[in-house]
Amino acid sequence: AFKTLVKNKIMHRDFKLANILKHNGMIKIADFGFAKLLGNDVFAQTTLGSPLNMAPEVLEGKAYNNKADIWSVGTCIYELIVGKPPYTAKNIPELIQNIKTKPLKFPKGITVSPVVEEVIRAMLVVDPTKRIDWEDLFNHPINHFLEDKIMKEFDKTMNGGEDNLKASRFYVKNNKV
């Protein structure tokens, strides 16, 4: 979904877990009420969104670009894993202070794979100029994690894995598996 938004120069500006829907087995992004078509503009400045998912530059009322959506996606991934947002506070100034001064932590007892932790940390960088960009995020190994795992298991099976299973390379080559 975000590949389509980025390609069409659209910022969602209110991405949060409540805006992820499942319909007929398909995951969809909803609520484009705050979305902005960037056109030739690269930056926006309106403070919109849900504070716990808003990038620090948006919270501070600074000009921002579509990397603000990357922050929001990062907060959602973190919340899906940990069960709470990465930063909380009683008010906006305290939230900004917490984001800027408290390091991102994963609670004890929560096991996060190195690939997942690395991408979350790259997305939740306070300085948007140092935050991962969309192209690098789309090409990040996390997007191919399951594919790579399946291919390793498939290769193991094709080469006589622990169960000594063999499949005909003909069927694989001709897309019959």
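Relevant structure appears above.
Quick caveat, the model's predicted, so the values are computed rather than measured.

> A description of the pattern of salt bridges should follow, citing residues and the corresponding values.
Throughout the structure, instances matching the rule amount to 5 salt bridges. Among the salt bridges present, the one from Glu-57 reaches Arg-131, with a minimum N-O distance of 2.8 Å. Separated by 74 residues along the polypeptide, Glu-57 in helix α2 (residues 56–59) and Arg-131 in the loop between α5 (114–123) and α6 (134–138) bring together distant segments of the chain. Residue Glu-57 is classed as buried on the basis of its relative accessible area, which comes to 4%.

> Report on the nonpolar core, specifying residues and quantitative values.
Ranked by size, the top nonpolar core spans 36 residues in total, and within it Phe-2, Leu-104, Phe-106, Ile-120, Met-123, Trp-134 and Leu-137 carry the most contacts. For this core, the secondary structure elements donating two or more residues are α1 (2–7), α2, α3 (67–82), α4 (92–101), α5 and α6. In terms of residue count, α3 provides more of this core than any other element does, 7 residues in total. Dropping the residues within four chain positions of it, Leu-104 is found in contact with Tyr-78, Pro-86, Tyr-87, Ile-120, Arg-121 and Leu-124.

> Explain α5 to me, using residue names and the numbers behind them.
Along α5, the residues classified as buried are Val-116, Val-119, Ile-120, Ala-122 and Met-123. Along the axis of α5, the buried positions cluster into a sector of 160°, meaning they face one direction only. Elements in contact with the buried residues of α5: α3 and α6.

> Account for the packing of aromatic side chains, naming residues and giving values.
What describes a pair of aromatic rings is the distance from one ring centre to the other and the angle between the planes of the rings. This structure, assessed with the given rule, holds 5 aromatic pairs. A ring pair is formed by Phe-2 and Phe-15, whose centres lie 5.1 Å apart and whose planes are at 80°; its orientation type is edge-to-face. Placement of Phe-2 in helix α1 and of Phe-15 in the loop between β1 (10–11) and β2 (20–23) is noted, with a sequence separation of 13 residues between them. With respect to class, Phe-2 is no different from Phe-15; both count as buried. Note on Trp-71 and Tyr-87: the rings are 6.3 Å apart at their centroids and 15° apart in plane angle, and the pair reads as stacked. In this pair, Trp-71 sits in helix α3 while Tyr-87 sits in the loop between α3 and α4, placing the two residues 16 residues apart along the sequence. Per residue, the accessibility class of Trp-71 equals that of Tyr-87, and both read buried. Taken together through their ring pairs, the aromatic side chains of Phe-2, Phe-15, Trp-134 and Phe-138 make up a single cluster.

> Break down the pairing of strand β3 (residues 26–29) for me, citing the residues and quoting the values.
Strand direction decides the pairing type here: β2 and β3, joined by 4 bridges, are antiparallel. Across the sheet, Leu-21 pairs through a bridge with Lys-28, a residue of β3. Where β2 hands over to β3, the hairpin turn is made up of 2 residues, of which Asn-24 adopts a positive phi near 50°.

> Before we move on, could you go through unusual backbone geometry and cite the residues and values that matter?
Unusually for a residue other than glycine, Lys-9 sits at a positive phi of about 55°. Mapped onto the elements of the fold, Lys-9 is located in the loop between α1 and β1. The class of Lys-9 is partly exposed, set by a relative accessible area of 45%. A positive phi is found at Arg-13, a non-glycine position, where the angle reads about 70°. Secondary-structure assignment places Arg-13 in the loop between β1 and β2.

Rules behind the numbers
- Residues numbered from 1 in each chain as written.
- Predicted model: local features only at pLDDT ≥ 70, side-chain atom pairs only at ≥ 80, totals over all residues.
- Heavy atoms only, no water.
- Salt bridge = Lys/Arg side-chain N within 4 Å of Asp/Glu carboxyl O.
- Helix = DSSP H or I, 4+ residues; strand = E, 2+ residues; numbered from the N terminus.
- Buried < 20%, exposed > 50% of the residue type's maximum accessible area, 1.4 Å probe, protein only.
- Core = buried A, V, L, I, M, F, W, Y, C linked by side-chain atoms within 4.5 Å.
- Contact = heavy atoms within 4.5 Å.
- Arc of directions from axis to C-beta.
- Phe/Tyr/Trp six-rings, centres within 6.5 Å; stacked < 30°, edge-to-face > 60°.
- Pairing = 2+ DSSP bridges.

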